[in-house]
Amino acid sequence: MACQGGFMPFQERLRELRKERHETQKAVAEAIGINERHYQKFEAGANLPSFDNLCALADHFGVSMDYLAGRTDRREVLR
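Rules used throughout
- Just so you know, the residues in each chain are numbered from 1, in the order the chain's sequence is written.
- Thresholds applied to this predicted model are a pLDDT of at least 70 for local features of residues and 80 or more for the giving and counting of side-chain atom pairs; totals over whole chains, interfaces and linings are not thresholded and use all residues.
- Note that the side-chain values use all heavy atoms of the structure and ignore hydrogens as well as water.
- Two rings from Phe, Tyr or Trp (for Trp, the six-membered ring) form a pair when their centres sit within 6.5 Å of each other. Planes less than 30 degrees apart are called stacked, planes more than 60 degrees apart edge-to-face, and all others tilted.
- In this text, helices come from DSSP runs of H or I with a minimum length of four residues, and strands from runs of E with a minimum of two, each type numbered from the N-terminal end.
- Each residue is placed in one exposure class: buried if its accessible area under a 1.4 Å probe, protein chains only, is under 20% of its type's maximum, exposed if it is over 50%, and partly exposed if it falls in between.
- Whether a charge lies above a ring is judged from NZ of Lys or CZ of Arg, which has to be within 6 Å of the ring centre and within 35 degrees of the ring normal.
- Known as pLDDT, the predictor's per-residue confidence is scaled from 0 to 100.
- The term salt bridge refers to a pairing of a side-chain nitrogen on Lys or Arg with a carboxyl oxygen on Asp or Glu at a separation within 4 Å.

Undergrad: Is there a simple way to explain the packing of aromatic side chains in this structure?
TA: Here the distance between the centres and the angle between the planes together describe a pair of aromatic rings. Within the structure shown, the criterion is met by one aromatic pair. With 6.3 Å between their ring centres and 75° between their planes, Tyr39 and Phe42 make a pair best called edge-to-face. A residue pair is termed a helical-turn pair when its members lie 3 or 4 positions apart in one helix, as Tyr39 and Phe42 do in helix H3 (residues 36-44) at three residues. A relative accessible area of 0% means that Tyr39 is categorised as buried. Geometry around Tyr67 places Arg13 over its ring, the cationic atom sitting 3.9 Å from the centre.

Below, the structure is given as structure tokens:
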């Protein structure tokens, strides 16, 4: 069960963040330690990332996990 709460779906948010940084799917996959095909499935909406991969993606893009997961529109990480 997804918890989008009316915000942008995960795969769209992921693609948007990648394109903002002008990165390829391969570059992001390598940065978080997975193969390119696995990452492509995230953007296609065919798979959701594990908790570890979600953390790695959020760290890579400098956003909160809630933002990446589509639970909020606030990008900043609260520390």
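Undergrad: So what exactly am I meant to see when it comes to the confidence of the model for the protein here?
TA: Should the pLDDT be low somewhere, the predicted coordinates at that spot are not to be read in detail. The pLDDT averaged across the protein works out to 91; a share of 89% of its residues lies at or above 70. Averaged over each element, pLDDT in the protein is lowest for helix H5 (residues 65-69) (93) and highest for helix H2 (residues 25-32) (98).

Undergrad: I keep staring at the environment of His38 and nothing clicks. Help me out?
TA: Here His38 lies in helix H3. Taking the C-alpha atoms as reference points, His38 and Gln25, 13 residues apart in sequence, are found 9.9 Å from one another.

Undergrad: Please explain the pattern of salt bridges as it appears in this structure.
TA: Pairing between side chains becomes possible if they bear opposite charge and their charged atoms approach one another. Tallying each qualifying case throughout the model produces eight salt bridges. As a salt-bridge pair, Glu20 and Arg75 come within 2.7 Å of each other at their nearest N and O atoms. Of this pair, Glu20 sits in helix H1 (residues 10-20) while Arg75 is found in the segment after H5, placing the two residues 55 residues apart along the sequence. Judged by its relative accessible area of 41%, Glu20 is partly exposed. For Arg75, a relative accessible area of 31% gives the class partly exposed. Put simply, Glu76 and Arg74 hold a salt bridge, and the shortest N to O gap is 2.6 Å. Note on Glu76: relative accessible area 41%, which makes it partly exposed. By sharing partners, the salt bridges in this structure join Arg15, Arg18 and Glu43 into a single network.

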